[in-house]
Amino acid sequence: MTGYYDYVLGLIPVALIGVTASLTLVGLSLTSALPVGAVAAATVMAHAMFVRNPVADGAPERRPFDGDVGERSAGGGSSAGTAD
């Protein structure tokens, strides 16, 4: 089953190569067409990362540090190497 991000992975090289090739065929030099194709590919990536970000619906909630085992204490820092 293909999803949005599968299409994005396919669209990145298509945008880079396709836009660059199209602009080159129209008459723009390769030196000018390549940055335009790169911007098109970067736009696809930015849309996938920031507009439709890949956050799971059941993502665990963040909880504050409360001094549980394995987490930092309220005073922060490490107690290793200190004399009591």
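These numbers come from a predicted model, not from an experiment.

Across its full length, the protein chain holds two helices and zero strands. In the protein chain, which comprises 84 residues, the proportion classed as buried is 11%. When contacts within the protein chain are restricted to residue pairs at least 6 apart in sequence, long-range pairs at least 24 apart make up 45% of them. About 6900 Å² of surface is accessible on the protein chain, with carbon and sulfur atoms providing 65% of the total.

This paragraph deals with the UniProt feature "transmembrane region" (unreviewed entry) in the protein chain. On the UniProt side, "transmembrane region" (unreviewed entry) is annotated at positions that read residues 7-26 and 32-51 here. Along residues 7-26 the backbone is 100% helical and 0% strand, and the end-to-end C-alpha distance reaches 27 Å. Counting secondary structure, residues 32-51 comes out at 100% helix and 0% strand; the distance between its end C-alpha atoms is 28 Å.

Here we come to the environment of Leu-30. Along the polypeptide, Leu-30 turns up in helix H2 (residues 30-51). A residue is classified by how much of its surface remains accessible, and Leu-30, at 53% relative accessible area, is exposed. For the pair formed by Leu-30 and Thr-20, sequence separation is 10 residues and the distance between their alpha carbons is 7.3 Å. Beyond its immediate chain neighbours, meaning those up to four positions away, Leu-30 contacts Thr-20, Thr-24 and Pro-35.

Time to look at the packing of helix H1 (residues 4-26) against H2. Look at H1 against H2: their axes get within 7 Å of each other, and the N-to-C directions meet at 165 degrees. The angle between H1 and H2 places the two elements in the roughly antiparallel class. Two packed elements cross with a definite hand, and for H1 against H2 that hand is right-handed. From H1, Tyr-4, Tyr-5, Val-8, Leu-11, Ile-12, Ala-15, Leu-16, Val-19, Thr-20, Leu-23 and Thr-24 reach across to H2, where they touch Leu-30, Ala-33, Leu-34, Val-36, Gly-37, Ala-38, Ala-40, Ala-41, Val-44, Met-45, His-47 and Ala-48. For the contact of H1 with H2, the residue count by class is 19 nonpolar, four polar and no charged.

A few words on the nonpolar core. Of all hydrophobic cores here, the largest spans six residues; its members are Val-8, Ile-12, Ala-15, Ala-41, Val-44 and Ala-48. If you list the elements that add at least two residues to this core, you get H1 and H2.

Rules behind the numbers
- Residues numbered from 1 in each chain as written.
- Predicted model: local features only at pLDDT ≥ 70, side-chain atom pairs only at ≥ 80, totals over all residues.
- Heavy atoms only, no water.
- Helix = DSSP H or I, 4+ residues; strand = E, 2+ residues; numbered from the N terminus.
- Buried < 20%, exposed > 50% of the residue type's maximum accessible area, 1.4 Å probe, protein only.
- Contact = heavy atoms within 4.5 Å.
- Areas by Shrake-Rupley, 256 points an atom, 1.4 Å probe, with all protein chains shown as cover.
- UniProt positions renumbered as here; feature names shortened; annotations may be inferred.
- Axes fitted to C-alpha atoms, helices over the stretch in contact; angles between N-to-C directions.
- Parallel < 35°, antiparallel > 145°, perpendicular 65-115°, else oblique.
- Left-handed = near helix turned anticlockwise from the far one by under 90°.
- Nonpolar A, V, L, I, M, F, W, Y, C, P; charged D, E, K, R; others polar.
- Core = buried A, V, L, I, M, F, W, Y, C linked by side-chain atoms within 4.5 Å.

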